[in-house]
Amino acid sequence: MPSFQKRFTLEQRIAEAQKIREKYPNRVPCIVERNHTASTDIPDISKHKYLVPDQLKIAEIMAIVRKRMGTAMKPEQALFLFVHNGEKTIVAPAGLTIGQIDDKHRNKDGFVYIEYTGETTFG
C-alpha cells in the first residue's frame, strides 16, 4: 500500500490537518506507518491515522503500535520509532511528548509522520 503522502495531494493533507487541529486543539494528528525498508517480519498495522493527546509520551505511542501488531510482533523484537518531517528523520526520544515532537518536527502539511521498524535483539 502506498504511503499516506503518496495517496493524497499536499493540498488535501493540509486541509485535513487544519480541520483536525481546529476541531481538536489539544491533539496532534499523526500518521504511523511501517518504514519501507523494514524487514518483512515486522508486521504492518491496519490503522495508520491517529489523533493523539499532545501530552502522550512517545513510549506510550510505541506501546500502542506494539499492541496493534498483536502477537505478530515477538517480545524479543525491539521496536524503533522515527519522526520524519519531510527534510530530516530523527529517532523519536521515548521521554518526549508528542506535543514536543509536534512543535519541532511537524511536517509542512500539518501531520506528524512516525515510521516504525524493528530488529531482533535476543537470540
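Owing to the predicted nature of the structure, the values given are computational and were not obtained by experimental measurement. (Residues numbered from 1 in each chain as written. Predicted model: local features only at pLDDT ≥ 70, side-chain atom pairs only at ≥ 80, totals over all residues. Heavy atoms only, no water.)

A. Region of interest: the side chain of Asn85. Mapped onto the elements of the fold, Asn85 is located in the loop between β3 (77-84) and β4 (89-91). Here Asn85 falls in the buried class, since its relative accessible area comes to 14%. Not counting residues within four places of it along the chain, the set of residues in contact with Asn85 comprises His105, Arg106, Asn107 and Lys108. (Helix = DSSP H or I, 4+ residues; strand = E, 2+ residues; numbered from the N terminus. Buried < 20%, exposed > 50% of the residue type's maximum accessible area, 1.4 Å probe, protein only. Contact = heavy atoms within 4.5 Å.)

B. Here's a closer look at the nonpolar core. Judged by nonpolar contacts, the single largest core of 23 residues is most densely connected at Cys30, Ile61, Met69, Ile98, Val112, Ile114 and Tyr116. Broken down by secondary-structure element, the contributors of at least two residues to this core are β1 (27-34), β2 (49-53), α3 (58-69), β3, α4 (98-105) and β5 (112-120). In terms of residue count, α3 provides more of this core than any other element does, 4 residues in total. Within the second largest apolar cluster, 6 residues are counted, among which are Ala17, Ile31, Phe111 and Tyr113. (Core = buried A, V, L, I, M, F, W, Y, C linked by side-chain atoms within 4.5 Å.)

C. Here's a closer look at the pattern of salt bridges. Summed over all chains, the structure comprises 4 salt bridges. In this structure, Glu16 engages Lys49 in a salt bridge whose closest nitrogen and oxygen atoms are separated by 2.6 Å. Taken together, the residues Glu16 in helix α2 (residues 10-23) and Lys49 in strand β2 connect sequence positions 33 residues apart. Here Asp102 and Arg21 are joined by a salt bridge, their closest N and O atoms 2.7 Å apart. With Asp102 in helix α4 and Arg21 in helix α2, this pair connects stretches of sequence that are 81 residues apart. Residue classification places Asp102 among the buried positions, given a relative accessible area of 5%. Through salt bridges with shared partners, one network takes in Arg21, Asp102 and Arg106. (Salt bridge = Lys/Arg side-chain N within 4 Å of Asp/Glu carboxyl O.)

None of this, on its own, says anything about what the molecule does.
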